[in-house]
Amino acid sequence: MPGALGRLRAGGVRKKDVLPSPNIWHWPEVYELENEAQDVHGAIWDAVRQECDWGALDVVDVGCGDGYHLPRFASTANSVMGVEPHEPLLRRARERIAGLPGVAVLAGSAQRLPLPDSSADLVHARTAYFFGPGCEPGIAEAERVLRPGGALVIVDLDGSHEPYGRWLRADLPSYDPAEIDQFFAGAGFSCRRVVARWRFADVAGLRAVLGIEFSKTVATRAFHELDGLEFDVGYRVHMRRKPTSLLPGRS
Ligand SMILES: C[S@@+](CC[C@H](N)C(=O)[O-])C[C@H]1O[C@@H](n2cnc3c(N)ncnc32)[C@H](O)[C@@H]1O
């Protein structure tokens, strides 16, 4: 990938392509706490690694936010490219990765990745853009950027897993976890379900994170349903590989 950096596409971000992310856009410090609390046992990382071990590979993290996951990929990858459309987060991500070899962050969106064709082995997105129906342009774009045999790995919350799913659905009544499963299955993705432990250092952090993820009513209800500073949250890890052969039935 470093060789490819010289051939980058102009990374213009079209406003219409960007999905608002009030949590990390408005409260990046609280979102940092959330990232720290999520997955204390590394279950999500294990699942991503089982789908595509990124050691010595070229990785793209789409919708990388302020780059929280980039250093982890960078510790063993050949190269890591974060792509993020929201300028303030782009700046924070660049500060985070300053001095880390083989890592860069570019302005771009899932629909228009600022990367050449067939230049990456793993395109990863965590709770960003790929939320189900409507994300077809991003899937096609990931496929363009992947080398044959490369993997698109999408990590998202599992809205059917309780209690977090119940809180999500309370705020988003039209959100249908089964429809999302059907969408990804129909598009040829495998699905691995993962349960990650969230653990907070203190009540203030827990309340702050619930407060950026849910409406005031749901956040208050969630806080009172919890017993202590830890709980399990379900995730889905969707994966699809770019075929290596043009012959039908061969991959
Ligand atoms: C909930 S945040 C997750 C950030 C990061 N993946 C993490 O786990 O820390 C979602 C991110 O997706 C970005 N985003 C919004 N629209 C996007 C698009 N069309 N393509 C790629 N990323 C997008 C947002 O700006 C935000 O940074």
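Residues numbered from 1 in each chain as written. Predicted model: local features only at pLDDT ≥ 70, side-chain atom pairs only at ≥ 80, totals over all residues. Heavy atoms only, no water.

(A) Spatial organisation of the pattern of salt bridges. In this structure the tally under the stated criterion is 23 salt bridges. In this structure, the salt-bridge partner of Asp-66 is Arg-96, at a minimum N-O distance of 3.2 Å. With a gap of 30 residues between them, Asp-66 in the loop between strand S1 (58-62) and helix H4 (70-74) and Arg-96 in helix H5 (residues 87-97) connect regions that are remote in the sequence. The partly exposed category is assigned to Arg-96, whose relative accessible area is 26%. Among the ionic pairs, Glu-162 bridges to Arg-169, the shortest N-O distance being 2.9 Å. A relative accessible area of 35% means that Glu-162 is categorised as partly exposed. Shared partners join several salt bridges into a network, and the residues in it are Glu-29, Glu-32, Asp-66, Arg-92 and Arg-96. (Salt bridge = Lys/Arg side-chain N within 4 Å of Asp/Glu carboxyl O. Helix = DSSP H or I, 4+ residues; strand = E, 2+ residues; numbered from the N terminus. Buried < 20%, exposed > 50% of the residue type's maximum accessible area, 1.4 Å probe, protein only.)

(B) Molecular detail of the packing of aromatic side chains. If you walk through the whole model with that rule in mind, you get 14 aromatic pairs. Site record: aromatic cluster; members linked through ring pairs are Tyr-164, Trp-167, Trp-198, Phe-200, Phe-214 and Phe-231. The lysine or arginine in question, Arg-207, covers the ring of Phe-223, its NZ or CZ lying 3.9 Å from the ring centre. (Phe/Tyr/Trp six-rings, centres within 6.5 Å; stacked < 30°, edge-to-face > 60°. Lys NZ or Arg CZ within 6 Å of the ring centre and 35° of its normal.)

(C) Quick look at helix H2 (residues 28-37). Counting buried residues in H2 gives 7 out of 10 residues, a clear majority hidden from the surface. For H2, the full list of buried residues reads Pro-28, Val-30, Tyr-31, Glu-32, Glu-34, Asn-35 and Ala-37. In the core, the buried residues of H2 are packed alongside helix H1 (22-26), H5, helix H7 (164-171), strand S6 (190-199) and helix H9 (203-213). Just downstream of H2, Asp-39 is the residue with a positive phi angle, here 60°. (Contact = heavy atoms within 4.5 Å.)

(D) Here's a closer look at the pairing of strand S7 (residues 230-241). As judged from the 7 bridges shared by strand S5 (residues 146-157) and S7, these two strands associate in the antiparallel manner. Its bridge partner being in S7, Ala-151 is matched across the sheet by Arg-241. Pairing of S6 with S7, which is carried by 10 bridges, proceeds in the antiparallel orientation. Of the residues in S7, the one forming a bridge with Arg-192 is Val-237. (Pairing = 2+ DSSP bridges.)

(E) Focus on the UniProt feature "domain: Methyltransferase type" (unreviewed entry) in the protein chain. Per the UniProt annotation, the sites labelled "domain: Methyltransferase type" (unreviewed entry) are residues 60-154. As annotated, residues 60-154 has a helix share of 27% and a strand share of 32%, and its two end C-alpha atoms lie 12 Å apart. (UniProt positions renumbered as here; feature names shortened; annotations may be inferred.)

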